[in-house]
Structure formats: structure tokens, C-alpha cells
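The lines below spell out each chain.
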Amino acid sequence: ITSVYFRLCFPQAEIVAVEPDPATFPILEENAKRIGRCATHRLALLDRNGTASFKSSQISVVSTLYDLPYSQIQNDIVSVQLRHAGDFADEAASSIGMPGFDMLKIDTEGAEVPIMRALGHRLAGIKTIFLEFHSLEDRRIIEAMLAPTHDLRRERLDAPERGSLTFLRRVV
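Now for a look at the structure at hand. All values derive from a computational prediction rather than experimental measurement. (Residues numbered from 1 in each chain as written. Predicted model: local features only at pLDDT ≥ 70, side-chain atom pairs only at ≥ 80, totals over all residues. Heavy atoms only, no water.)

**A short note on the environment of Arg 83**
By the element assignment, Arg 83 lies in strand β5 (residues 75–84). Residue classification places Arg 83 among the buried positions, given a relative accessible area of 15%. Counting along the chain gives 36 residues from Arg 83 to Asp 47, while the straight-line C-alpha distance between them is 7.4 Å. Residues in contact with Arg 83, not counting those within four places in the same chain, are Leu 43, Ala 44, Leu 45, Leu 46, Arg 48, Asn 49, Phe 88 and Glu 91. (Helix = DSSP H or I, 4+ residues; strand = E, 2+ residues; numbered from the N terminus. Buried < 20%, exposed > 50% of the residue type's maximum accessible area, 1.4 Å probe, protein only. Contact = heavy atoms within 4.5 Å.)

The structure is reproduced here in C-alpha cells:
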């Protein structure tokens, strides 16, 4: 759904979408075909390459690589390909003929900090960053990582330890 929304807001954009959940990926692929100029990748971004067990839930917003505090929700365990987020970003930007990305959305149910660490210096060039946090420690780390180059412009709290943040790159 995010890709469709971004297409409506940015009709000329090249979109790169990543989805590890085998139950959700076909929906992403179908949406990508409909909106055009949207490359899809069935894998999970993290701070390393390899494979990992992924908890695929019937409630896709809680599908994750990590254990979440929703024991009442049934998950299927599937193996997913992991890609180093920084290496993937470089390859994806190159494949669409761009030096980097203007916008980044990270919604990974707990993997936000490892992904940001893997992106490293690339974060400074991104104009707008949307992401979630799932603990107060993650929020502190995220804010510290982006403080040198970005300002927090919007936050939505779902609970004291969980919410979403929007950062805008400072104009120098």
C-alpha cells in the first residue's frame, strides 16, 4: 500500500520496494505492476547477508524476523534471504540510475536500527526518512544516528515505547 501512496504523491518517482513476507509479497508485486516504475525485491534487509527465520503472520503488520510480544498471534516460520542494507541500497540506486535515494521508509518490526547502521553514511544524503521504533532504546539510537544531519519533524506514539518518526534532512 505504501508504494501506491508514494506513486500518487510522486508520480515521476522510481520506487524500490522490499518485502520479505511470502504472504504479502504477491500483493506488493501486483501493486507494483499497476503503478509502474516500482522494482520489487523479496528479501529482508539487515546488517549482513545470509538467511534467517522469518515469522509470517496472518496479520502482516506483525510479521518479523524478531520475537514480538504478541504470543496469541499465530505465525508460520519461513526462511528468508537477508541482504546487507547498505550494499543493497548501492545496487538498487545504481540499477535505477540514481546516486542514492530521496526518501526512505523503514517498517521492519524491530530491525530498524541494524538496517540504519548498515546504511551508515548513506543516511546523510536522504531527504526524508520515515521509520518505526519498537523500544525506547531504539528510539534513542535512531535519534542519535540522525541528529547530525536530520531534524525530527513528526512523531506518532502508539505506546511510550512504540511509534513512528519522520526526519527531514537539514538544508546546509
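**A closer look at the nonpolar core**
Counting residues in hydrophobic clusters, the biggest one holds 30 residues, and the most contacted among them are Leu 119, Leu 123, Ile 129, Leu 131, Ile 142 and Leu 146. At five residues, the largest contribution of residues to this core is made by helix α4 (residues 112–119). Those residues within four positions of Ile 129 in sequence are excluded, and the remaining contacts are Leu 104, Leu 123, Leu 146, His 150, Leu 165, Thr 166 and Phe 167. In this structure, Ile 15, Phe 25, Leu 28 and Cys 38 belong to the second largest nonpolar core, which totals eight residues. (Core = buried A, V, L, I, M, F, W, Y, C linked by side-chain atoms within 4.5 Å.)

**Quick notes on the sheet that holds strand β7 (residues 128–133)**
Taken in spatial order, the four strands line up as β6-β7-β9-β8 in an open sheet, and their pairing is mixed. Edge positions in the open sheet fall to β6 (103–106) and β8 (150–159), since each of these has one partner strand only. Averaged over all pairs of adjacent strands, the angle between strand axes in this sheet comes to 10°, irrespective of strand direction. Taken together, the six bridges between β7 and strand β9 (residues 162–169) define a ladder with antiparallel strand orientation. Its bridge partner lying in β9, Leu 131 is registered against Leu 165. (Pairing = 2+ DSSP bridges. Axes fitted to C-alpha atoms, helices over the stretch in contact; angles between N-to-C directions.)

**What to know about the packing of aromatic side chains**
On inspection of all chains with the given rule, the structure shows two aromatic pairs. Considering the side-chain rings of Tyr 5 and Phe 6, the 6.0 Å spacing of their centres and the 45° angle between planes classify their relative orientation as tilted. Residue classification places Tyr 5 among the partly exposed residues on the basis of a relative accessible area of 49%. Judged by its relative accessible area of 14%, Phe 6 is buried. By way of ring pairs, the aromatic residues Tyr 5, Phe 6 and Phe 130 are connected into one cluster. (Phe/Tyr/Trp six-rings, centres within 6.5 Å; stacked < 30°, edge-to-face > 60°.)

**Considering helix α1 (residues 2–9)**
Residues separated by three or four positions in an α-helix point in the same direction, a consequence of the helix having 3.6 residues per turn. Listed as buried for α1 are Ser 3, Phe 6 and Arg 7. In a view along the axis of α1, the buried residues occupy a sector of 105°, so they form one face of it. In this structure, the buried residues of α1 make contact with β1 (15–18), α2 (25–35), β2 (38–41), β6 and β7. (Arc of directions from axis to C-beta.)

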